[in-house]
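An overview of the molecular structure
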Amino acid sequence: MMQWAKIGASAAALAIAAAAQAEPPRLVRQGSATQISVQGKPMLLIAGELGNSSASSAAYMAPHWKRLKAMHLNTVLAPVSWELIEPEEGRFDFSSVDALIRDARANDLKLVILWFGAWKNSMSTYVPAWVKRDQGRFPRARLPNGQGVEILSAMAPATLEADQRAFAALMAHIKAVDDRQNTVLMTQVENEIGMLPVARDYGALADAAFKAPVPAELTTYLQQHRDALVPQMKRLWEEQGSRTSGTWSEVFGPGHAAEEIFTAWHYARFADALARAGKAVYPMPLYVNVALNRPGRLPGEYPSGGPLPHLIDIWKAGAPAIDFLAPDIYFPNFVDIVNIYKRPDNPLFVPEANNADHPQVPGNAFYAIGKLDAIGFGPFSIESIDEKPGALGEAYDLLEQLSPHILAAQGVGRMSAFRPKSLYDETLVQEPVTETIGNYRFTVAFADIQKPVATPDTGNAAGIIIQTGPEDYLIAGQGITVTFAPVGAGPSLAGIDSAWEGHFDAHGTWIAGRLLNGDQTYQGRHIQLPTGDFQIQKVRLYRYQ
Ligand code: DGJ
């Protein structure tokens, strides 16, 4: 018999009573899900990422912390830049990091640190001036005509060593000030790495490496993972005869694709070496984020060589010390993209889920967390909406209330989430979605079932269903209508035993509101979460003949 966890005050009290251990947060498995465990307790990251320059000033941030907390975030993604922490070579100044940690703690918030080191959005503008100005020691990537770009070459050992020293110093500092409190949960290595405006670096070191054989680690990986390679990679490699040795053009073909794979490999090796240097000091979870490419563009026309969908294998082979690859999603086809990045070897985390004021962000948060067991979710420029958080604040309120139930259900088949899928061209797939959760099959429609026409709000619908007992479900969100049918042997019809609206208080105790029946359940036919009104209903179903 399945054990239904009792979630609420006692778990919270126990966690508070437990003595803090000196250890970093870590990733743990629960069924098919990966979760982040902080002081032995899983945590769902209800997050948002700060604008690029905000965290450089504690004064600028001062009014925001409280507001971010009030909009139900538990985690803030905040940049830490190389230029701020190592203004002169070997002289570290961690005052900006200390201020972030102090202010996050004062507001009961956690941090994900974004390491703006050698690269930020392809470019190398966050490196200290002593790096920028010394192009002999820290060479730039070069165009085919020899012109340098403001992108450090990934081929230069001195650049890797300098970035490693700074990153390891940052990790050592975090360990020193935070290994018992775990305010810092994980760190992003660089930001949106990618080569522009050509598919590879044409400097002397890169030219020589491009003519050299593909490293055996990569060809061995391709052989060992042949059946699981992403389709584009499998096709490209097999078209050249699945070669296990040869130059990049021999193994991956004569076009720009081979150049981009070469770039991806060297970026991945760099990120891996950085991650290993950091983990040697303080082994917290580390990830790399990616700027996605628009369909139809060629390598070089978009930031090339990052952990893009078609390059996931190269990054998995080249950067085993990176715990996961995380997509930044500003395109409308969120559902398709997150499904690419959720893999058995890659838990989902969305560090930049569009701009915070985009109306589909709440639905995307529900989908990533409830359907794909995401570790967390964070829209960009979160502080820009903290005075008027609107729908995102309401959605985050629900996710915060539900978080113990979500964490208990991730990876064990007791939960799903729903939003109408948006295609790349913004077409909405509005058809209802049917899924079995426990002993009932749920059909979720994204419109008022009595007036089933799409409205401008249809695309923003958000729903999550969590099974909490044999016939008990939490159904939450807005803009959905839910019908149900039994599965398996027994009576063939399902009805509503009871449906209560309500909320969970700060201790996780359910506080019931109205008992919903009559018009609110269409005389027992369905559960309705009205458009624009984020709410939780506690529903018990039953079967009849
Ligand atoms: C993606 C980057 O990763 C962020 O740092 C920021 O520059 C946004 N783009 C701006 O839209």
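Residues numbered from 1 in each chain as written. Predicted model: local features only at pLDDT ≥ 70, side-chain atom pairs only at ≥ 80, totals over all residues. Heavy atoms only, no water.

What follows concerns the overall build of the protein chain. Scanning the protein chain from terminus to terminus reveals 15 helices and 25 strands. Here the C-alpha radius of gyration of the protein chain, 25 Å, is about what a compact globule of 545 residues would show, namely 24 Å. Projected onto its principal axes, the C-alpha coordinates of the protein chain cover approximately 75 × 55 × 45 Å. Burial status across the protein chain gives 56% buried among its 545 residues. Taking the intrachain contacts of the protein chain between residues at least 6 apart in sequence as the baseline, contacts between residues at least 24 apart amount to 75%. Accessible area for the protein chain stands at about 21,700 Å²; split by element, carbon and sulfur atoms hold 52% of it. Of the charged side chains in the protein chain, 46 are positive and 56 negative, and the gap between their average positions amounts to 3 Å. (Helix = DSSP H or I, 4+ residues; strand = E, 2+ residues; numbered from the N terminus. Rg over C-alpha atoms; globule rule 2.2 N^0.38 Å. Buried < 20%, exposed > 50% of the residue type's maximum accessible area, 1.4 Å probe, protein only. Contact = heavy atoms within 4.5 Å. Areas by Shrake-Rupley, 256 points an atom, 1.4 Å probe, with all protein chains shown as cover. Lys, Arg positive; Asp, Glu negative; His and termini not counted. Charge placed at Lys NZ, Arg CZ, Asp CG, Glu CD.)

In this sheet, strand β18 (residues 440–445) lies alongside strand β17 (residues 433–437) in antiparallel orientation, the contact comprising 5 bridges. Along β18, the bridge assignment pairs Thr 434 with Thr 443. The turn joining β17 and β18, which pair antiparallel and follow one another in sequence, is formed by 2 residues; a positive phi near 65° is taken by Gly 438. (Pairing = 2+ DSSP bridges.)

Turning to the sheet that holds strand β2 (residues 33–38), a few remarks are in order. Across the sheet, 3 strands lie side by side as β1-β2-β3; this open sheet has antiparallel pairing. Where the open sheet ends on each side, the last strands, each with one partner, are β1 (26–30) and β3 (41–43). Neighbour-to-neighbour, the strand axes of the sheet open up by a mean angle of 55°, direction not taken into account. Pairing between β1 and β2: 5 bridges, direction antiparallel. Among the inter-strand pairings, Leu 27 is bridged to a residue of β2, identified as Ile 36. (Axes fitted to C-alpha atoms, helices over the stretch in contact; angles between N-to-C directions.)

Moving on, we come to the site of the ligand. Surveying the vicinity of the ligand reveals the residues Asn 52, Lys 120, Asn 121, Asn 191, Glu 192, Asp 328, Tyr 330, Glu 352 and Phe 380. Contacts to the ligand include Asn 52, whose side-chain N or O atom sits 2.8 Å from an oxygen atom. Here an oxygen atom of the ligand and a side-chain polar atom of Asn 191 are 2.8 Å apart. Contact with the protein chains removes 77% of the 300 Å² of surface that the ligand exposes when unbound. Tallied by class, residues from the shell around the ligand come to 2 nonpolar, 3 polar and 4 charged. (Near = heavy atom within 4 Å. Polar contact = N/O pair within 3.5 Å; in protein donor to acceptor, adjacent residues only side chain to side chain. Nonpolar A, V, L, I, M, F, W, Y, C, P; charged D, E, K, R; others polar.)

Bringing the environment of Ala 47 into the picture now. Looking at the element boundaries, Ala 47 is found in strand β4 (residues 45–49). Spatially, the C-alpha atoms of Ala 47 and Ala 365 are 9.9 Å apart, while their sequence positions differ by 318 residues. Setting aside residues no more than four positions away along its own chain, Ala 47 makes contact with Leu 73, Thr 75, Leu 77, Phe 377, Gly 378, Pro 379 and Tyr 396.

Below, the discussion takes up the sheet that holds strand β20 (residues 472–478). Where strands meet in a sheet, backbone hydrogen bonds hold them as pairs that are either parallel or antiparallel. Read across the sheet, 6 strands follow the order β14-β19-β20-β25-β22-β23 without closing on themselves; strand pairing throughout is antiparallel. Taken across any chain shown, the strands that pair with only one partner, and hence form the sheet edges, are β14 (415–418) and β23 (510–515). Direction aside, neighbouring strands of the sheet carry axes that sit 30° apart on average. Pairing geometry for β20 and strand β25 (residues 535–544), over 6 bridges, is antiparallel. Within β25, the residue paired with Ala 476 across the bridge is Ile 536. Helix α15 (residues 390–409) rests against β14, β19 (462–469), β20, β22 (493–504) and β25 of the sheet, and its axis sits at about 50° to β19.

Here the protein chain is partitioned into domain 1 (4–210 + 266–411) and domain 2 (416–544). Distance between the C-alpha centres of domain 1 and domain 2: 33 Å. Contact with domain 1, which involves 30 residues of that partner, is made by 32 residues of domain 2. Both sides of the domain 1 and domain 2 interface together cover about 2,600 Å² of buried area, and 67% of this is carbon and sulfur. Our count for the domain 1 to domain 2 interface comes out at 2 salt bridges. In this structure, Glu 435 engages Lys 371 in a salt bridge whose closest nitrogen and oxygen atoms are separated by 2.9 Å. Counting the contacts that link domain 1 with domain 2 gives 7 residue pairs in polar contact (both at pLDDT 80 or more). When contributions to the side of domain 1 that touches domain 2 are tallied by element, the ones reaching two or more residues are α13 (334–341), α14 (361–371) and α15. (Domains from an automatic or database assignment. Buried area = accessible area lost by both parts, 1.4 Å probe. Salt bridge = Lys/Arg side-chain N within 4 Å of Asp/Glu carboxyl O.)

What follows covers empty space enclosed by the protein. Going through the model one piece at a time under the given rule, you end up with 3 cavities of 30 Å³ or more. By volume, the largest cavity is sized at about 100 Å³. Lining the largest cavity are 13 residues, and of these Ala 154, Met 155, Asp 201, Thr 263 and Tyr 267 sit closest to its centre. Residue assignment for the lining of the largest cavity shows that the elements contributing at least two residues are β8 (148–152) and α11 (256–281). Looking at the lining of the largest cavity, the element that brings in the most residues is α11, giving 4 residues. (1 Å grid on protein atoms, 1.4 Å probe; cavity = no way out; pocket = protein on both sides within 12 Å on 5 of 7 lines; lining within 4 Å. Points joined across faces, edges and corners; volume = space filled by probe spheres on them.)

Scanning all chains against the criterion turns up 21 aromatic pairs. With a centroid separation of 6.0 Å and 90° between ring planes, the pair formed by Trp 82 and Trp 130 is classed as edge-to-face. With Trp 82 in helix α3 (residues 82–85) and Trp 130 in helix α5 (residues 129–132), this pair connects stretches of sequence that are 48 residues apart. For Trp 82, a relative accessible area of 0% corresponds to the buried category. (Phe/Tyr/Trp six-rings, centres within 6.5 Å; stacked < 30°, edge-to-face > 60°.)

Here the focus is helix α8 (residues 216–224). An α-helical turn contains 3.6 residues, so any two residues separated by three or four positions project in the same direction. Looking only at α8, the buried set comprises Leu 218, Thr 219, Tyr 221 and Leu 222. One face of α8 carries all of its buried residues, which in axial projection span an arc of 155°. Check the buried side of α8 and you find it contacts α9 (231–239), α10 (248–252), α11 and α12 (312–318). (Arc of directions from axis to C-beta.)

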